[in-house]
Amino acid sequence: MLTAILSGFIFSVFLVFAGKFLKGKLAVLSALVPLALFVYFLSFLPQVAGGEVIRQEISWVPTLGLDLNFALDGLSLLFSLLITGIGFLVFAYTAEYLKEHDYLDRFYGYLGMFMGAMLGLVLSDNLLSMFIFWELTSISSFFLIGFNNTSEASRKSAVLALAITGSGGFLLLAGALLLGNVAGTFNISEMLALSPEIISSEYYIWIVILLFGAAFTKSAQFPFHFWLPGAMKAPTPVSTYLHSATMVKAGIYLLLRFTPVLGGEDIWNTTLISVGGITMFYAAVHTLFRTDLKGVLAYSTISVLGLLVFLIGLGTQYALTAAAVYIVVHALYKATLFLITGIIDHETGTRDVTRLSGLRKVMMPVAVAGFLAALSSAGMPPFVGFIGKDLVYESTLHMGSWSIFLTVLAIATNILVLYAGFVAGIKPFTGKLPNEHKKVHLPGMLMWLPPVILALLGIIIGIFPEIINDSIIAPVVNSVGLEGNEVHLKLWHGFNLVLGLSAITLAVGILLYVIFKPSAKKERGIARLDFIAPLTLITNFGHGFKVFSNWWTRIFQNGFLRNYVSTIILFLVVLVGYSLFSDQNEIPIDLSSFSRMTYYEMIIMGIMFLAILFVVGARSRLTAVVAMGVVGYAICLMFVIYSAPDLAMTQFSIDTLTVILFVLVLSSLPKYLSISDYRMKVVDGVLSISFGILITLISLEVLGEPVNKEISNFYADNAYVLAKGKNVVNVILVDFRGVDTLMEISVLTIAALGVFSLLKLRLRRDDRELKD
Amino acid sequence: MKTIIIRTASNYMLPLLLVFSVFILLRGHYLPGGGFVGGLIASIAFVLHAFANGLGDTRKLLHFHPGFLMPTGLALAFLSGISPLVFTGEPFMTGLWYPEHLPIVGNLGSALFFDIGVYLVVQGVTLTIIFTISEST
């Protein structure tokens, strides 16, 4: 299984080297990768249908509980088949859609990376590795949305999508860590048994909130839905693959996966029902006001995602079966609609539904696919969509006191989804062919065959639901913790209430389609409400945050070294001073053990003091630098007196170097200005003196405390025994704490490289300006 | 500041200081000294030379950019660290020692090579920073 996941990544890495060969006629060969994977996953179908869970465990970072554990059960298999199956069609479609595109290899690279990441996400049994794959899908989605990187709108949408799904990923990480700590394991299969403990834990509510945040952002639930319509800036194959069939369902996958672990509680069900309910209705209403075909499809996708969340919230046997069926239904018809939208866009150059009609005359196979998909989305018998819709009504009707409200909500949503499906799948093909599209012709077979295949699958599965009943749907229901063998998908249930509701949906929906015509005027009308749309609110929030951070940065990073130094010292004095004085009333200072000051110490102190006065009063930079050097040398003398020759030597060299460096650059520094006024000097003086006093107090206190000499004695005793050295300081540096030294010299190197590159970069820019 | 006295003096000081820095480096294991101080002294020698003769002359004298000393030193220190892993299978940074006692150096061991690495890195870092700063102003 690891190989299957990695093959997507290997494929994209391979393209870095071999991409040039894949740009021409060979592009279609790349579809072999998802095809091979599809067949590979298909081969597991009998085993998984038999109730088996196929596992592969690879230890990666065992100390962190991070293992590459993969498990293939019904739910994972359903998603794997969608990812590879639709992936295959999309890969093939792309070969024609982006034929001769300059960056076709890059595009395939991103798609391959996404496919690997998405497979990893649905196959991971370890929560942490799942998170990593989750993030990888967000990142590949970012690259794909921004694929037309010359368009600003496209780049903006990519960033927006990354911001929303990325913050969701952050929530997922937090939730995963919390859940892992409560459960004591990061393996999802082990959490199943611990479900009661997790639910009764005090952190349960936080885990649920965090995971919901992750799922709602990824699966575009209200109020985080707005990134998805923006993501439609991506080329159509991406919208089909990522933003309709697979990636946006990652949130649904997460919720389904954790239903048996966290589900069944009130907060779980109520939140999902309300968020899903609001999303499905809100987005469905929006489809009425869109004229861009992809906009219509984006909102109807959000609506279906809302419906799925809603069904998971209902949580009954019917509802979860309905969710499983609906995932298949939606993948089939929505992918078809997206693909034909891509064809229309590609051939006519417009996606404006008000300007499209009669295209059946020039592209019959595409029109057939569109009709079939639209009817499936409408839930017309004998399409698979009919089975899905039936199950939805069946589950809402069994919800006790709320059943009427929920059923009405579901019917209203379905009517609007039907409308959206008709607008995208039927409207462009019916009516009179306008003159501007007379010359439009059918694209290559690679483009029109995939939607036809998907649309036909929709009707085949509808007539013979047994195909997916035992092999796919039942194992999915099993893996969410319910009875899979009670699943019996049927097209015909006899005359009952559900059938009546279906008929109402169809009748009202078709009526709506006939009466209500999409128009630019209506789109402008809804645009007037944009000021309260979540997109505007969140964009404004983001903008405000940027302004705030700019302001904040300008305060602290003002570019004046003197301000940095005084800020650092001020905080040090306040924080250290506070902790020094807060937990004790008086500082234990024992002066009795101190030896008397000798006269040469006094002389050194005197020199130091004089030098400091010189620094403070200096009128030229050279004086100040030299006086600072004198202070440094005086400290060296102190080290010598207190028998620390190593320290003294180092300090002496450093001081010498500093002075020389200053003198070297002195001539080119700006004139020495007296920048501080009297008030500033007083403030600085107070700050310096209090810092000095603080350090003195700390040193004195340290002397008063009992000293643990174990470590220094160990070094002193063993320097020669273990490391054959007599200079303990050096032995510590190169032997006992050698790793520290290695790190330190690495840090020094990084610092030097930093100085070098910063200054050299500035030099080059100056050169360029000179040339201009 | 290109006076004839300091220029003449620096020409004699450079080799002297360099030899002194190596001396400090080698004695480090037994007496005050070591790679860090040694490296600083060697840098002072070069900076003094640059001070008296101008940066261009020092660069010519060096033949290569002092920055190359950094990776060289880091590699040397790292290799001396992993040598026990390779030769005796002991953990990273275990000291390896040549059994015979050598004149001047004393016991020859992996720690000495580590110290030489530090010596080179310190020189590389100091000279890179000082040269870059004085060039850019």
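Everything in this summary refers to the structure shown in the same document. All values reported here derive from a predicted model rather than from experimental measurement.

Focus on the overall build of chain B
What chain B contains, in helices and strands, is 5 helices and 2 strands. Scanning chain B from its N terminus toward the C terminus, one meets helices and strands in the order α-α-α-α-β-β-α. With respect to the principal axes defined by its C-alpha atoms, chain B has extents near 55 × 30 × 20 Å. In chain B, buried positions account for 52% of the 137 residues. In chain B, once contacts between residues fewer than 6 apart in sequence are set aside, the share between residues at least 24 apart is 65%. Roughly 6400 Å² of accessible area belongs to chain B as shown, and the carbon and sulfur atoms make up 75% of that amount. Side-chain charges of chain B comprise 5 positive and 5 negative groups, with the mean position of each set lying 21 Å from the other.

Notes on the overall build of chain A
Counting its regular elements, chain A contains 32 helices and 2 strands. The globule rule puts the C-alpha radius of gyration for 772 residues at 28 Å, and the 35 Å found for chain A is more than 25% above it. If one aligns the C-alpha atoms of chain A with their principal axes, the spans along those axes are about 110 × 65 × 50 Å. Expressed as a percentage of the 772 residues in chain A, the buried residues total 49%. Carbon together with sulfur atoms contributes 69% to the accessible area of chain A, which is approximately 36800 Å² in total.

Quick notes on the packing of helix H15 (residues 293-314) of chain A against helix H19 (residues 403-425) of chain A
All names here are of chain A. In contact at an axis separation of 10 Å, H15 and H19 are set at 155° when each is read in the N-to-C sense. Taken together, H15 and H19 sit at an angle that is classed as roughly antiparallel. Considering the relative orientation of H15 and H19, their crossing is left-handed. Contacts between H15 and H19 involve Leu-293, Val-296, Leu-297, Ser-300, Ser-303, Phe-310 and Leu-314 on the former and, on the latter, Leu-406, Leu-409, Thr-413, Val-417, Ala-420, Val-423 and Ala-424. Among the residues making up the contact of H15 with H19, the classes are represented as 11 nonpolar, 3 polar and no charged.

Concerning unusual backbone geometry
Negative phi is the rule for most residues except glycine; trans is the rule for most peptide bonds. Residues and elements named next belong to chain A. The step from Phe-222 to Pro-223 runs through a cis peptide bond, and the omega angle for that step is 0°. Its location among the elements puts Pro-223 in the loop between helix H10 (204-218) and helix H11 (227-231). Located in the positive-phi region is Ala-220, a residue other than glycine, with phi close to 55°. Within the secondary structure layout, Ala-220 lies in the loop between H10 and H11. One non-glycine residue, Ser-643, lies in positive phi territory at about 45°. If you trace the backbone, Ser-643 turns up in the loop between helix H27 (621-641) and helix H28 (645-666).

With respect to the interface of chain B and chain A
The interface is formed by 44 residues belonging to chain B together with 40 residues belonging to chain A. The junction of chain B with chain A conceals about 3800 Å² of combined surface from both sides, 79% of it contributed by carbon and sulfur atoms. Our enumeration of links across chain B and chain A arrives at 0 salt bridges. Between the two partners, chain B and chain A, sit 5 residue pairs in polar contact (both at pLDDT 80 or more). Where the side of chain B that touches chain A is concerned, the elements lending two or more residues are helix H2 (35-53), helix H4 (69-87) and helix H5 (110-136) of chain B.

Section: helix H22 (residues 497-515) of chain A
Residues and elements named next belong to chain A. Its 19 residues place the ends of H22 27 Å apart at the C-alpha level, agreeing with the 27 Å of an ideal helix rising 1.5 Å per residue. Taken together, the buried positions of H22 are occupied by Val-498, Leu-499, Leu-501, Ser-502, Thr-505, Leu-506, Gly-509 and Tyr-513. Projected onto a plane normal to the axis of H22, the buried residues spread over an arc of 160° and lie on a single side. Every exposed residue of H22 that faces more than 90 degrees away from the buried side is listed here: Leu-497, Leu-511, Val-514 and Ile-515. Where the residues of H22 are buried, they touch helix H17 (364-378), helix H18 (384-397) and H19.

Some points on the environment of His488(A)
All names here are of chain A. Tracing the sequence through the fold places His-488 in the loop between helix H21 (466-479) and H22. Residue classification places His-488 among the exposed positions, given a relative accessible area of 57%. A sequence separation of 18 residues divides His-488 from Asp-470, and the C-alpha atoms of the two residues are 8.5 Å apart.

Here's the deal with the packing of helix H16 (residues 317-348) of chain A against H17(A)
Residue and element names in this part refer to chain A. For the pair H16 and H17, the least separation of the axes is 9 Å and the interaxial angle reads 145°. The way H16 lies across H17 gives a crossing that is left-handed. Taking contact as the criterion, the partners of Val-329, Tyr-333, Thr-336, Leu-337, Ile-340 and Ile-343 in H16 are, on H17, Val-366, Ala-369, Gly-370, Ala-373, Ala-374, Ser-376 and Ser-377. When its residues are assigned to classes, the contact of H16 with H17 shows 9 nonpolar, 4 polar and no charged.

Digging into the pairing of strand E1 (residues 54-61) of chain A
Residues and elements named next belong to chain A. For E1 and strand E2 (residues 66-72), the ladder comprises 7 bridges, and the chain directions are antiparallel. Its bridge partner being in E2, Ser-59 is matched across the sheet by Asp-67. Between the end of E1 and the start of E2, which pair antiparallel, lie 4 residues, with Gly-65 showing a positive phi angle near 70°.

Some remarks on the nonpolar core
Across soluble globular proteins, you tend to see nonpolar side chains buried next to one another. Within the largest apolar cluster, 196 residues are counted, with the highest numbers of intra-cluster contacts made by Tyr108(A), Tyr241(A), Phe258(A), Leu262(A) and Ile473(A). In terms of residue count, the dominant contributor to this core is H16(A) (20 residues). Once residues lying within four places of it in the same chain are set aside, the contact partners of Leu262(A) are Leu179(A), Ile198(A), Ile199(A), Tyr204(A), Ile207(A), Leu211(A) and Trp268(A). The next biggest cluster of nonpolar side chains, apart from the first, holds 33 residues, and it includes Ala752(A), Ile41(B), Leu62(B) and Ile129(B).

A word on helix H29 (residues 678-704) of chain A
Along its 27 residues, H29(A) runs 39 Å from first to last C-alpha, staying within 8% of the 39 Å computed at 1.5 Å per residue. Against the buried residues of H29(A) lie helix H25 (561-582) of chain A.

Focus: the side chain of Thr246(A)
All names here are of chain A. Structurally, Thr-246 can be placed in the loop between helix H12 (236-245) and helix H13 (250-262). For Thr-246, a relative accessible area of 1% translates into the label buried. Within polar-contact distance, the side chain of Thr-246 engages the backbone oxygen of Tyr-241 at 2.7 Å. Those residues within four positions of Thr-246 in sequence are excluded, and the remaining contacts are Leu-82, Ile-83, Phe-114, Met-118 and Tyr-241.

Digging into the layout of surface pockets
Residues and elements named next belong to chain A. Taken as a whole, the second largest pocket spans an internal volume of roughly 1300 Å³. Contributing to the lining of the second largest pocket are 43 residues, with Leu-160, Phe-226, Leu-535, Thr-536 and Thr-539 lying nearest its centre. Listed by contribution, the elements that provide at least two residues to the lining of the second largest pocket are helix H7 (152-183), H11, helix H14 (266-287), H15, helix H23 (520-527) and helix H24 (534-556).

As for the packing of aromatic side chains
Residue and element names in this part refer to chain A. Applying the stated criterion to the full structure yields 27 aromatic pairs over all chains. Taking the centre distance of 5.2 Å and the plane angle of 75° together, the rings of Phe-79 and Tyr-253 count as edge-to-face. With Phe-79 in helix H4 (residues 74-97) and Tyr-253 in helix H13, the pair connects residues that are 174 residues apart, well separated along the chain. There is no split in this pair, since Phe-79 and Tyr-253 are both buried. Aromatic side chains Tyr-419 and Phe-516 sit 6.0 Å apart centroid to centroid with 80° between the ring planes, which places their arrangement in the edge-to-face category. Residue Tyr-419 is located in helix H19, and its partner Phe-516 is located in the loop between H22 and H23; the two are separated by 97 residues in the primary sequence.

Overview of a nonpolar patch on the surface
All names here are of chain A. There is a patch of nonpolar side chains on the surface, built from Phe-541, Phe-545, Phe-548, Trp-551, Trp-552, Ile-555, Phe-556, Leu-570, Phe-571, Val-574 and Leu-575 and spanning about 1200 Å² of accessible area. Broken down by secondary-structure element, the contributors of at least two residues to the nonpolar patch are H24 and H25. Per-element tally for the nonpolar patch: the top contributor is H24, with 7 residues. Counting through the fold element by element, Phe-556 comes out in helix H24. For Phe-556, a relative accessible area of 35% corresponds to the partly exposed category.

With respect to the environment of Tyr253(A)
Residue and element names in this part refer to chain A. Of the residues examined, Tyr-253 reaches a relative accessible area of 1% and is grouped as buried. Put simply, Tyr-253 and Ile-568 are 315 residues apart on the chain and 49 Å apart in space, counted from C-alpha to C-alpha. Those residues in contact with Tyr-253 that sit more than four places away from it in its chain are Leu-75, Ser-76, Phe-79, Leu-121, Val-122 and Met-130.

Criteria and thresholds
- Residues numbered from 1 in each chain as written.
- Chains lettered and ligands numbered in written order.
- Predicted model: local features only at pLDDT ≥ 70, side-chain atom pairs only at ≥ 80, totals over all residues.
- Heavy atoms only, no water.
- Helix = DSSP H or I, 4+ residues; strand = E, 2+ residues; numbered from the N terminus.
- Buried < 20%, exposed > 50% of the residue type's maximum accessible area, 1.4 Å probe, protein only.
- Contact = heavy atoms within 4.5 Å.
- Areas by Shrake-Rupley, 256 points an atom, 1.4 Å probe, with all protein chains shown as cover.
- Lys, Arg positive; Asp, Glu negative; His and termini not counted.
- Charge placed at Lys NZ, Arg CZ, Asp CG, Glu CD.
- Rg over C-alpha atoms; globule rule 2.2 N^0.38 Å.
- Axes fitted to C-alpha atoms, helices over the stretch in contact; angles between N-to-C directions.
- Parallel < 35°, antiparallel > 145°, perpendicular 65-115°, else oblique.
- Left-handed = near helix turned anticlockwise from the far one by under 90°.
- Nonpolar A, V, L, I, M, F, W, Y, C, P; charged D, E, K, R; others polar.
- Buried area = accessible area lost by both parts, 1.4 Å probe.
- Salt bridge = Lys/Arg side-chain N within 4 Å of Asp/Glu carboxyl O.
- Polar contact = N/O pair within 3.5 Å; in protein donor to acceptor, adjacent residues only side chain to side chain.
- Expected span 1.5 Å × (residues − 1).
- Arc of directions from axis to C-beta.
- Pairing = 2+ DSSP bridges.
- Core = buried A, V, L, I, M, F, W, Y, C linked by side-chain atoms within 4.5 Å.
- 1 Å grid on protein atoms, 1.4 Å probe; cavity = no way out; pocket = protein on both sides within 12 Å on 5 of 7 lines; lining within 4 Å.
- Points joined across faces, edges and corners; volume = space filled by probe spheres on them.
- Phe/Tyr/Trp six-rings, centres within 6.5 Å; stacked < 30°, edge-to-face > 60°.
- Patch = residues over 30% accessible without salt bridge, like charges linked within 9 Å, V, L, I, M, F, W, Y side chains within 5 Å.

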